[in-house]
Amino acid sequence: FTTFVVDCNEYTTIDDYLAYINQYISELKKNQTYTKVHRIGIRKIAAIETSEYNQDKEFFEENQFKSVSDLPGNHIIVSENTDRFINPELRLKANLTRRIRSLRRVGGKPVFQFLLDIDGYVDEEIARNKDTIINDFNEYTSKINDYLFFLFVHVATLDYFNRNAK
């Protein structure tokens with residue numbers, strides 16, 4: 001099991017990371033013939049924190065974060081919705097999770113985190129398909145990255161992109 005984590009402190013593009021991951025996998029398969037790839041995936045997370053429960057509409061398209069409002073005498077700790085997709089043409093799967101978390105209270109007022117978590121991948125089920133040949137990892141990581149962007153564009157607002165563009 002191998003995981004690479006990219007810290008977004010000075011992140012500009014994913015290209016260098018994908019090249020490194022692809023080289024790593026290729027070298028591993030070349031030098032360790034017993035190695036089998038069961039899953040190739042990319043996961044991207046976007047989050048905003050706000051004290052305004054409805055401020056998510058500035059950053060994410062309407063109805064992405066669905067939750068019942070606080071019930072009398074109760075406060076939401078976590079609300080989560082996940083959609084799972086398969087794109088047969090691209091031979092990719094994705095999980096699109098939207099999560100609202102109450103992180104803490106500041107001056108008696110809650111602080112909410114709106115989290116968008118997108119996980120795109122080729123799994124063993126797809127890799128076993130006779131039409132899927134995973135020899136070119138670069139092709140698959142590029143497809144996955146493009147698919148994640150496609151999904152992200154459909155849930156994030158233009159305002160989100162403008163505020164987070166570098």
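Throughout this description, residue numbers start from 1 for each chain and increase along the sequence as written. At least 70 in pLDDT is required for a residue's local features to be given in this predicted model, at least 80 for side-chain atom pairs to be given and counted, and no such filter applies to totals for whole chains, interfaces and linings, which use all residues. To get the side-chain values, take all heavy atoms of the structure and skip hydrogens and water.

Side note on a nonpolar patch on the surface
Condition: A residue counts toward a patch only above 30% relative accessible area and without a salt bridge, and it is joined to like-charged neighbours within 9 Å or, for Val, Leu, Ile, Met, Phe, Trp and Tyr, to nonpolar neighbours within 5 Å. Residue-level accessible areas treat just the shown protein chains as cover; the underlying method is Shrake-Rupley with a 1.4 Å probe. The term salt bridge refers to a side-chain nitrogen of Lys or Arg lying within 4 Å of a carboxyl oxygen of Asp or Glu. Here a strand is any run of E in DSSP of at least two residues, a helix any run of H or I of at least four, and the numbering for each starts at the N terminus.
Among the surface-exposed residues, Phe4, Tyr20 and Tyr24 lie close enough to one another that they form a single nonpolar patch of about 280 Å² accessible area. As for its position among the elements, Tyr24 is in helix 1 (residues 15-31).

A few points about the pattern of salt bridges
Convention followed: For each residue, the accessible area found with a 1.4 Å probe, counting protein chains only, is set against the maximum for its type, and the residue is called buried under 20%, exposed over 50%, and partly exposed in between.
One pass over the full model with this rule turns up four salt bridges. The salt bridge involving Arg43 is made with Asp117; its shortest N-O contact spans 2.4 Å. In this pair, Arg43 sits in strand 1 (residues 40-50) while Asp117 sits in strand 4 (residues 109-122), placing the two residues 74 residues apart along the sequence. Since its relative accessible area comes to 6%, Asp117 is described here as buried. The residue Glu80 makes a salt bridge to Arg99 at a minimum N-O spacing of 2.5 Å. Separated by 19 residues along the polypeptide, Glu80 in strand 2 (residues 78-87) and Arg99 in strand 3 (residues 92-106) bring together distant segments of the chain. Accessibility expressed as a relative area gives 17% for Arg99, which makes it buried.

What about the nonpolar core?
The condition is simple: The nonpolar core is taken to be a set of buried Ala, Val, Leu, Ile, Met, Phe, Trp, Tyr and Cys residues, with the residues joined through side-chain atoms within 4.5 Å.
Ile42, Leu92, Leu116, Ile118, Ile144, Phe152 and Tyr160 are the most contacted members of the largest nonpolar core, which totals 26 residues. Elements with a contribution of two residues or more to this core: helix 1, strand 1, strand 3, strand 4 and helix 4 (137-155). Sorting elements by how many residues they give to this core places helix 4 first, with eight residues.

Describing the confidence of the model for the protein
To keep things clear, this is the line we draw: A score between 0 and 100, pLDDT records how confident the predictor is in each residue.
For the protein, the average pLDDT comes to 76, and 73% of its residues sit at 70 or higher. Here helix 2 (residues 56-59) stands out as the element of the protein with the lowest mean pLDDT, 62, in contrast to strand 2, whose mean of 87 is the highest.

Points about the packing of aromatic side chains
How we decide: Between rings of Phe, Tyr and Trp, where Trp is taken as its six-membered ring, a pair exists when centres lie within 6.5 Å; planes separated by under 30 degrees are stacked, by over 60 edge-to-face, and by other angles tilted. Ring-over charges, as used throughout, are those where CZ of Arg or NZ of Lys falls within 6 Å of the ring centre and within 35 degrees of the ring normal.
Considering all chains together, one arrives at one aromatic pair under this definition. Each ring, one from Tyr147 and one from Phe150, has its centre 6.3 Å from the other, and the planes form 10°; the classification is stacked. With Tyr147 and Phe150 both in helix 4 and three residues apart, the pair spans about one turn of that helix. Phe150 sits in the partly exposed class, given a relative accessible area of 45%. Over the ring of Tyr121 we find Arg39; its NZ or CZ atom is 3.9 Å from the centre of that ring.

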